[in-house]
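Single-letter residue listing:
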Amino acid sequence: MDDNTAASGSTLKRRRLIKGAIAAGGLAAAGAGGLGIAAAAQEDQATAQAAHPGLLHTQADFDRMKAKVDAGLEPWVSGWNRLTANGHSQSTWAARPTAVIIRGGDGQNYPQLYNDIHAAYQNALRWKVSGVTAHRDKAVEILNGWSSTLQEVTGNADRFLAAGIYGYQFCAAADIVRGAPGFDLGRFQDMMTAIFLPMNESFLTNHNDACITNYWANWDLCNMASKLAIGLICDDAAITDQAIDYFWNGEGNGSIGNAIPFVHGGGLAQWQESGRDQGHSIMGIGLMASIMEMAWNQGVDLYGANDNAFAKAAEYVARYNAGHDDLPFTKYSWGTGQNCAYREHTVMGAGGRGQARPVWEMVFHHYTSRRGFALPNVSALAGTNSPEGGGGDYGTTSGGFDTLGFGTLAHVRLTWDEIPDNLKPLG
């Protein structure tokens, strides 16, 4: 692990050893021979606190961002300028906490929620880099306003997207100001466990009473991300481990083997939604990367799962969206609705091809800067889309708010000139 893995101390070291055993196949896959390890993991993690800050960013990350920006170094300064120019990052932001949030069906009002969450995150990020407490206080005000007001997230099936996407993003913002003066952490935790977590668990368990393959990978992934984030923000190791176990063994399309059903040669792997369209495929890359980054910051390596399958899938999605048509495609079939009616994709879905979303820097700089792997296609899109912005920079609809963004500021570790020439191939 590098200095961006914030976990430390003898307890965390033991957790990492246990987590390494879990990462070989998950608690549910431990088998009889692994029950002792699983029991030790549960006993140990019941008293272990998560590392904070340690969701999408560690203190080492914030120290790096501040040092680079203070020194006027690129590309971090350009990433910082993208943040400070965003209207959501202003300390004058006027939040609109609401008791009932509706996504899907009549009376939709969920943009109020995602705009405020992104404002909280962006102000918190500005505070950590600049030290200006007005931004910290604004983030605290937004989060406290929602935790004292929100009572329900509802709507049609899309309510589960809201519970997932906004659940993990809420926690990512709160993790930055955890311990800040005036932040009501207990009330925020209560909101997450009373409103968001039951919806996350309901979806991952029942999938809205539909066929297990009916919902695309993104639906599982956002609810997995929320459950993991809630476990971390609440220091509840049982919730955290359930989310990580679902990553390995879940029956839905978000688990690693289902989200990446086919591994092709040449360092490429087919994404579950590639035959659907590219907007949702890119969204899925951002969501799975967020899950993996949160786990990594707690000493758990999901990025390397199944021989770096996610890196190969990111390369696949990036290559097609960079304009290449030479990708292999294996027929993908699934059951839909409540009766699992047969459907299939036989070709790549071209809808939304080439659209800009701020997901690539996080992926590229994990595999390349941390691990030394070559990702030429992800590299190309990261360069094309640099500096990455965040919510508010990619339109006003929900798609522009599916990831928190600002990867150039937050996740770049090496400049292009500093990246070694002898990078390892994915295989």
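Data block above holds the structure.
A few points on the structure. Quick caveat, the model's predicted, so the values are computed rather than measured.

Looking at the pairing of strand 6 (residues 341-345)
And then number 1: Pairing analysis gives five bridges linking strand 5 (residues 332-336) to strand 6, with the strands arranged antiparallel. Residue W334 lies in a different strand from strand 6, and its bridge partner there is R343.
And then number 2: Two successive antiparallel strands, strand 5 and strand 6, enclose a turn made up of four residues, where G337 displays a positive phi of approximately 70°.

Description of helix 9 (residues 217-233)
And then number 1: In this model, helix 9 (17 residues) spans 24 Å end to end at C-alpha, consistent with the 24 Å of a helix rising 1.5 Å per residue.
And then number 2: Burial within helix 9 is extensive, with 17 of its 17 residues counted as buried.

Things to note about the packing of aromatic side chains
And then number 1: Counted by the stated rule, this structure contains 18 aromatic pairs.
And then number 2: Taken together, a centroid distance of 5.7 Å and an interplanar angle of 65° make the contact between Y110 and Y114 edge-to-face.
And then number 3: Both rings, one in Y114 and one in Y166, keep their centres 5.9 Å apart while their planes meet at 40°; by these two values the pair is tilted. Taken together, the positions of Y114 in helix 5 (residues 111-130) and Y166 in helix 7 (residues 159-177) put the pair 52 residues apart, joining distant regions of the chain.
And then number 4: Accessibility expressed as a relative area gives 0% for Y166, which makes it buried.
And then number 5: An aromatic cluster of three or more residues is present, and its members are W146, F170, F183, F188 and F196.
And then number 6: The side chain of K128 reaches across the aromatic face of W127, ending 5.1 Å from its centre.
And then number 7: A cation sits over an aromatic face here: K424 above F373, 4.3 Å from the ring centre.

Rules of the game
- Residues numbered from 1 in each chain as written.
- Predicted model: local features only at pLDDT ≥ 70, side-chain atom pairs only at ≥ 80, totals over all residues.
- Heavy atoms only, no water.
- Pairing = 2+ DSSP bridges.
- Helix = DSSP H or I, 4+ residues; strand = E, 2+ residues; numbered from the N terminus.
- Expected span 1.5 Å × (residues − 1).
- Buried < 20%, exposed > 50% of the residue type's maximum accessible area, 1.4 Å probe, protein only.
- Phe/Tyr/Trp six-rings, centres within 6.5 Å; stacked < 30°, edge-to-face > 60°.
- Lys NZ or Arg CZ within 6 Å of the ring centre and 35° of its normal.

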